[in-house]
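The primary structure of each chain is shown beneath.
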Amino acid sequence: MASRLRKFGITAVSAAIGAGFVTWALDQKPPAYTVSSEAKAPPKRKSTLPPRTEQVKAIQSGQDYDVLIIGGGATGAGCALDSVTRGLKTALIEMDDFASGTSSRSTKLIHGGVRYLQKAILGLDYEQYRMVKEALEERANMLESAPHLAHPLPIMLPVYQWWQVPYYWVGIKCYDLVAGGRNVKSSYLLSKKEALELFPMLKKEKLCGAIVYYDGQQDDARMALAVALTAARHGATVCNHTEVTQLIKKPDENGNQVLCGAKCRDVITGKEFTVKAKCIINATGPFTDSIRKMDDPSVKSICCPSSGTHIVLPGYYSPEQMGLLDPSTSDGRVIFFLPWQRQTIAGTTDTPCEVTRTPAPTDDEINFILTEIKHYLNADVDVRRGDVLSAWTGIRPLVSDPNKDDTQSLARNHIVHVSKSKLITIAGGKWTTYRAMAEHTIDAAIKACNLKPERPESVTHLMKIEGGQGWTPTMYIRLVQDFGLECEVAQHLAKTYGDRAFAVAKMASLTGKRWPIIGNKIHPEFPYIDAEIKYGVREYAMNAVDMIARRLRLAFLNAQAASEALPAIVDIMGEELKWSKDEKEKQIKKARDFLNLEMGQQASTKTRDLALDLTNDEVSMYTKRFSLIDKDKKGFVSINDIRRALKGDKVRDQKVSVS
């Protein structure tokens, strides 16, 4: 009894402190977005997307740019869009593909950070509060600027101890209050019965009730790509598969060495060239220090990389429109359990790691996530290792702030740093605040490098990104009626491409069936169609991994299905990019290596060494049988291989019975 009273007392005191802190914080009104009367309207975007050949030609032409951005993730793409819409001549280069790193490997949430608000309230930390406030503002901006790629998502926080009900309820209500007029939807309390109706997979033993709050969800890789394409339509030169090999400096009027350009290499052709620019921005995420050391080899590293692993499970693990938050796992982490594109995402882990271009999930990380979600699911849901359809690891670039004397402590928010040679580094932060991070970066660049923009202030908070201008929630109906697309496919195209879905539909081939009229699927279990491969090449996809991982999200949703669809995908890409037979085979091999290492297939196929008592003849016989089933020589057998083999046996049996 005394223990319960003590817990209740703690809850009451926390609630009082939290209410008081939020009341004070809300009185500290941050400056609202304002647009100067001198600011001009943003330029009109081009009706057609410049082809990649034009982009490559432009960046290799030797022309002078105001701003050169290194890094094509969310932050780099955001910087390109902010810069070009202010009237600055802008170029962006990315050594791999847009969003190929951390930006495509997130939890897919657009959020302010419930746990950061908890720390802000309990620690009376205004900096933490300000970070959450900014993120909630940007959450609303993202939902408005890309309504086809982002949507509100209710997330349930189940409560298994009565004293936690008021504690979590007050915390979540504070989250709503901090969002203010930019709140998505109000949170609410559920009884045990109501919670189980909305999330029937939930463990009901000792369940007291649940609290539901709202955040946003997105398709992260498509979002980053859409931002980059929007920048391109406004006149920015954006080139993927282009790396920086050296930074170039020259003396300024005071004799100080300042940056004036970069030596680059086209990764696809091997051609080397120089890009001249008044300002260079380092937006390379986990690779922040490699560019900083390229500028000054003596600088200390500021990036403290941490890996976060996620797994994808079948859709029946969660309701279609309700996520789940485990606020306290066995080791103190937070686990999200979210529906995404008809599957279920679970994650994440948080483990110190080395920076690499090929981060891979480990079996231990996958099993940790599976073990944690078992605690919240009822006995009917058998959480199985074999249900893991895909797994990936993203590297979160935590940074210490070089602007402060104490560089040992990690920055809670993003940092913008200007080096002696005028290299502008933007690091840290989170996906949700990419637009604000870009705005702060371009503000710093204008000041440090004495740039002369046509519009001194950012206009991106007013802007729809690629596909968002003409999108409506019922737009897919027109795709069904006007083109004869299957309803599921039409919905997918509308949510992925927005108002550009009509351009994709026009490229679809006839099915030869009564219905659907057009749109041949590249895999029977997913709504992706052949036209998306052709359109993906026009969106600057240059290899099979670009296509299966970021133009389509098949690799992230089901690595096995992505492997099965590869031959058809590569054939279509080969026609568009004029690949030879040898090149097609190389593309398939590289893509399968990517799926094995980075999408968890290698981890999911680990087996224990078992002693098998087989004769040489038996080994030979079973090897031949395996080869007959594995006709594509993949090294493993899929369910489709088995179906095909059984179908062949059935046909042979019928022939024998007829004879």
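Along every chain, residues carry numbers that run from 1 in the direction the sequence is written. A pLDDT threshold of at least 70 governs which residues receive local features in this predicted model, and a stricter bar of 80 or more applies before side-chain atom pairs are shown or counted, although totals over entire chains, interfaces and linings include all residues. Remark: hydrogens and water are excluded; side-chain values derive from all non-hydrogen atoms of the structure.

### Quick word on the overall build of the protein chain
- Numbered from the N terminus, helices here are DSSP runs of H or I no shorter than four residues, and strands are runs of E no shorter than two. A count of helical and extended segments in the protein chain gives 22 helices and 18 strands.
- Burial classes: relative accessible area under 20% of the type maximum marks a residue as buried, over 50% as exposed, and values in between as partly exposed (1.4 Å probe, protein chains only). Out of the 659 residues in the protein chain, the part that is buried amounts to 53%.
- Any two residues whose heavy atoms approach within 4.5 Å are treated as being in contact. Within the protein chain, contacts between residues separated by at least 24 positions form 72% of all contacts whose residues are at least 6 apart in sequence.
- Note that accessible areas follow from Shrake-Rupley with a 1.4 Å probe, and for residues the cover is restricted to the protein chains shown. Entry remark: accessible area of the protein chain is about 30,400 Å², with carbon and sulfur atoms responsible for 54%.

### Considerations on the side chain of Asp266
- By secondary structure assignment, the location of Asp266 is in strand 9 (residues 257–266).
- It turns out Asp266 is buried and unbridged, and the closest side chain with the opposite charge, Arg52, is 4.9 Å from it.
- A distance of 2.9 Å separates a polar side-chain atom of Asp266 from the backbone nitrogen of Ile268.
- There is a polar contact of 3.2 Å between the side chain of Asp266 and the backbone nitrogen of Thr269. Working convention for charge: Lys and Arg count positive, Asp and Glu count negative, and His plus the chain ends are omitted. Salt bridges are defined by distance alone: a side-chain nitrogen of Lys or Arg within 4 Å of a carboxyl oxygen of Asp or Glu. Nitrogen and oxygen atoms within 3.5 Å of one another constitute a polar contact, given that in protein one can donate a hydrogen and the other can accept it, and given that sequence-neighbouring residues count only through two side-chain atoms.

### Comments concerning the confidence of the model for the protein chain
- Put simply, the protein chain has an average pLDDT of 89, and 87% of its residues get 70 or more.
- pLDDT measures the predictor's confidence residue by residue and takes values from 0 up to 100. Across residues 1–13 the pLDDT falls below 50, and counting only partners more than four positions away or on other chains, this stretch makes five contacts in the model.
- Note on residues 604–608: pLDDT is under 50 here. Beyond four places in sequence and across chains, it has two contacts.

### Focus: the packing of aromatic side chains
- Think of it this way: a Phe, Tyr or Trp ring, Trp meaning its six-membered ring, pairs with another when their centres are within 6.5 Å, and the plane angle makes it stacked under 30 degrees, edge-to-face over 60, tilted otherwise. If you walk through the whole model with that rule in mind, you get 12 aromatic pairs.
- With a centroid separation of 5.9 Å and 70° between ring planes, the pair formed by Tyr160 and Tyr376 is classed as edge-to-face. Of this pair, Tyr160 sits in the loop between strand 4 (150–159) and helix 6 (164–179) while Tyr376 sits in the loop between helix 10 (363–374) and strand 16 (390–399), and the two are 216 residues apart along the sequence.
- Where Tyr167 meets Tyr168, the ring centres are 5.4 Å apart and the plane angle is 65°; that geometry is what we call edge-to-face.
- According to the relative accessible area criterion, Tyr168 is buried, its value standing at 16%.
- Charge over a ring is defined by NZ of Lys or CZ of Arg lying within 6 Å of the ring centre and within 35 degrees of the ring normal. Sitting above the plane of the Tyr65 ring, Lys89 keeps its charged end 5.6 Å from the centroid.
- Above the face of the Tyr160 ring, Lys203 is positioned so that its terminal group lies 5.5 Å from the ring centre.

### So, unusual backbone geometry
- Between Gly347 and Thr348 the backbone carries a cis peptide bond, its omega angle lying at 25°.
- Summarising the element assignment, Thr348 is placed in the loop between strand 14 (343–347) and strand 15 (351–352).
- Cis geometry marks the peptide bond from Trp515 to Pro516; its omega dihedral reads -5°.
- Along the chain, Pro516 falls in the loop between helix 14 (501–505) and helix 15 (530–538).

### With respect to the environment of Asn543
- The topology assignment puts Asn543 in the loop between helix 15 and helix 16 (544–551).
- Taking the C-alpha atoms as reference, Asn543 lies 9.4 Å from Asp97; in sequence the two are 446 residues apart.
- Beyond its immediate chain neighbours, meaning those up to four positions away, Asn543 contacts His241, Met573, Trp579 and Gln587.
- Only 3.1 Å separates the side chain of Asn543 from the backbone nitrogen of Val545, close enough to count as a polar contact.
- Engagement of the side chain of Asn543 in a polar contact is seen with the backbone nitrogen of Asp546, the distance being 2.8 Å.

### Details of the pattern of salt bridges
- Summed over the entire model, instances satisfying the criterion amount to 33 salt bridges.
- Across the pair Arg182 and Glu137 runs a salt bridge, and its minimum N-O distance is 3.1 Å. Highlighted residues: Arg182 in the loop between helix 6 and strand 5 (188–191) and Glu137 in helix 5 (residues 126–145), separated in sequence by 45 residues.
- We classify Arg182 as partly exposed; its relative accessible area is 23%.
- Of the charged contacts, one joins Arg553 and Asp220 as a salt bridge, the two residues approaching to 2.9 Å between their closest N and O atoms. Residue Arg553 is located in the loop between helix 16 and helix 17 (554–557), and its partner Asp220 is located in helix 8 (residues 220–233); the two are separated by 333 residues in the primary sequence.
- Within this structure, Asp97, Asp546, Arg550 and Arg551 form a network of salt bridges that share partners.

### Structural notes on a nonpolar patch on the surface
- Patches in this entry comprise residues that are over 30% relatively accessible and not in a salt bridge; like charges within 9 Å are linked, as are nonpolar side chains (Val, Leu, Ile, Met, Phe, Trp, Tyr) within 5 Å. Where nonpolar side chains cluster on the molecular surface, the patch consists of Leu614, Val619, Met621 and Tyr622 and spans about 330 Å² of accessible area.
- If you trace the backbone, Met621 turns up in helix 21 (residues 616–629).
- Residue classification places Met621 among the partly exposed residues on the basis of a relative accessible area of 33%.

### Structural notes on the nonpolar core
- Counting 54 residues, the largest nonpolar core has Leu479, Leu485, Leu493, Ile569 and Leu595 as the members making the most contacts within it.
- If you list the elements that add at least two residues to this core, you get helix 12 (475–483), helix 13 (487–497), helix 14, helix 15, helix 16, helix 17, helix 18 (559–577) and helix 19 (581–598).
- Sorting elements by how many residues they give to this core places helix 18 first, with nine residues.
- We define a nonpolar core as any set of buried Ala, Val, Leu, Ile, Met, Phe, Trp, Tyr and Cys residues linked to one another through side-chain atoms lying within 4.5 Å. With 49 residues, the next largest nonpolar core counts Ala77, Ala236, Ala445 and Leu451 among its residues.

### Some points on the packing of helix 3 (residues 74–85) against helix 8
- The N-to-C vectors of helix 3 and helix 8 enclose an angle of 25°; their axes lie 8 Å apart at closest approach. As summarised for this structure, helix 3 and helix 8 are arranged roughly parallel, according to the angle between their axes. Here helix 3 and helix 8 pass one another in a crossing that is left-handed. Mapping the contact onto sequence places Ala74, Ala77, Gly78, Ala80, Leu81 and Val84 in helix 3 and Ala224, Val227, Ala228, Thr230 and Ala231 in helix 8.
- Grouping the amino acids of the contact of helix 3 with helix 8 by side-chain chemistry returns nine nonpolar, two polar and no charged. Where helices are involved, their axes are fitted lines through C-alpha atoms of the stretch in contact, as for all axes, and angles between N-to-C directions lie from 0 to 180°. Roughly parallel covers angles under 35 degrees, roughly antiparallel covers those over 145, roughly perpendicular covers 65 to 115, and oblique covers all other angles. By definition, any crossing whose near helix is turned counterclockwise from its far helix by less than a right angle is left-handed, and any crossing with a clockwise turn is right-handed. Residue polarity follows a fixed list, in which Ala, Val, Leu, Ile, Met, Phe, Trp, Tyr, Cys and Pro are nonpolar, Asp, Glu, Lys and Arg are charged, and the others, Gly among them, are polar.

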